[in-house]
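Summary of the model geometry
What follows is each chain in one-letter form.
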Amino acid sequence: YELAKLLCNIPRLTIITPSITIASLLHGNSDNKIFFLGGWIRSTEPSVHGNTTLNTLKEFHVNKNIMSCAGISVESGITDYLEEDAAIKRQAIKCGEKRIVMADHTKFGRSALITAAAIDQVDEIYTNAEVGEEKVAQIREKGIELILV
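This text gives an overview of the structure that appears in the document. (Residues numbered from 1 in each chain as written. Predicted model: local features only at pLDDT ≥ 70, side-chain atom pairs only at ≥ 80, totals over all residues. Heavy atoms only, no water.)

Okay, the overall build of the protein next. For the protein, the count of helices and strands is five helices and 11 strands. Against the globule reference of 15 Å for 149 residues, the protein gives a C-alpha radius of gyration of 15 Å, in line with a compact fold. Dimensions of the protein, computed from the C-alpha atoms along their principal axes, are close to 40 × 30 × 25 Å. Out of the 149 residues belonging to the protein, those deemed buried represent 43%. Taking contacts inside the protein between residues at least 6 apart in sequence as the whole, the part at least 24 apart equals 54%. With the model as given, the accessible surface of the protein reaches about 8600 Å², and the carbon-plus-sulfur share is 51%. Distance between charge centres in the protein, computed from 16 positive and 19 negative side chains, equals 4 Å. (Helix = DSSP H or I, 4+ residues; strand = E, 2+ residues; numbered from the N terminus. Rg over C-alpha atoms; globule rule 2.2 N^0.38 Å. Buried < 20%, exposed > 50% of the residue type's maximum accessible area, 1.4 Å probe, protein only. Contact = heavy atoms within 4.5 Å. Areas by Shrake-Rupley, 256 points an atom, 1.4 Å probe, with all protein chains shown as cover. Lys, Arg positive; Asp, Glu negative; His and termini not counted. Charge placed at Lys NZ, Arg CZ, Asp CG, Glu CD.)

Here it is in structure tokens:
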């Protein structure tokens, strides 16, 4: 959501999202095109999931796929707590030329319940500077660009 707030100031983007919150936030910028994936609305958060979401996402090819996660580790990869979220991330990875993960330092060295992607399926990871040097080195040894902001 924090990235979406920044995207409001960048013109001529096409943004594809399963998040009602992000779609609502971004729809006010007339220079951007927003595609809301559709599907079953979750009762626990304002987003969609399910076969309709996945099948719709299969139709797209994107330059950059930017996603969040619940955990990042060299061993478990990019992980999440819900199978539905992991499935959307798996499909998004297939659709993207450059796969980017944005996660704060608390996600590193942590494995959630379900692996969405192996660590080597990610091209770049953006995080805050509080990630320990050992974890940074482990990620970079895998050939992944890790950007500390």
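Read from one edge of the open sheet, four strands run β5-β8-β10-β11, paired in parallel fashion. Looking at the sheet topology across the chains shown, the edges are occupied by β5 (62–67) and β11 (145–148). Taken over all neighbouring pairs, the strand axes of this sheet differ in orientation by 20° on average, direction set aside. Strand direction decides the pairing type here: β5 and strand β8 (residues 96–102), joined by five bridges, are parallel. Looking at the pairing, Met 67 lines up with Val 101 of β8. Contacting β5 and β8, helix α4 (residues 83–95) runs over the sheet at an angle of about 135° to β8. (Pairing = 2+ DSSP bridges. Axes fitted to C-alpha atoms, helices over the stretch in contact; angles between N-to-C directions.)

On to the sheet that holds strand β7 (residues 77–80), then. Reading across the sheet, the three strands line up as β6-β7-β9 and stay open at both edges, with antiparallel pairing between neighbours. The sheet is open, and its two edges are formed by β6 (71–73) and β9 (114–117), each paired on a single side. Recorded for the sheet is a direction-independent mean angle of 35° between the axes of neighbouring strands. One ladder, built from three bridges, connects β7 with β9; its direction is antiparallel. Looking at the pairing, Ile 78 lines up with Ala 117 of β9.

Attention shifts here to the nonpolar core. Counting 17 residues, the largest nonpolar core has Ile 72, Ile 78, Val 101, Phe 108, Ile 119, Ile 125 and Ile 139 as its most contacted members. Every residue in contact with Ile 139, bar those within four places of it in the chain, is listed here: Ile 72, Val 74, Phe 108, Ile 119, Ile 125, Ile 144 and Leu 146. Grouped together as the second largest cluster of nonpolar side chains are seven residues, Leu 57, Ala 87, Ile 88 and Cys 95 included. (Core = buried A, V, L, I, M, F, W, Y, C linked by side-chain atoms within 4.5 Å.)

A few words on unusual backbone geometry. Unusually for a residue other than glycine, Arg 12 sits at a positive phi of about 60°. Among the residues examined, Arg 12 registers a relative accessible area of 69% and is labelled exposed.

As for its placement among the helices and strands, Thr 52 is situated in helix α3 (residues 51–57). The residues touching Thr 52, leaving out its near neighbours within four places in the chain, are Gly 38 and Gly 39.

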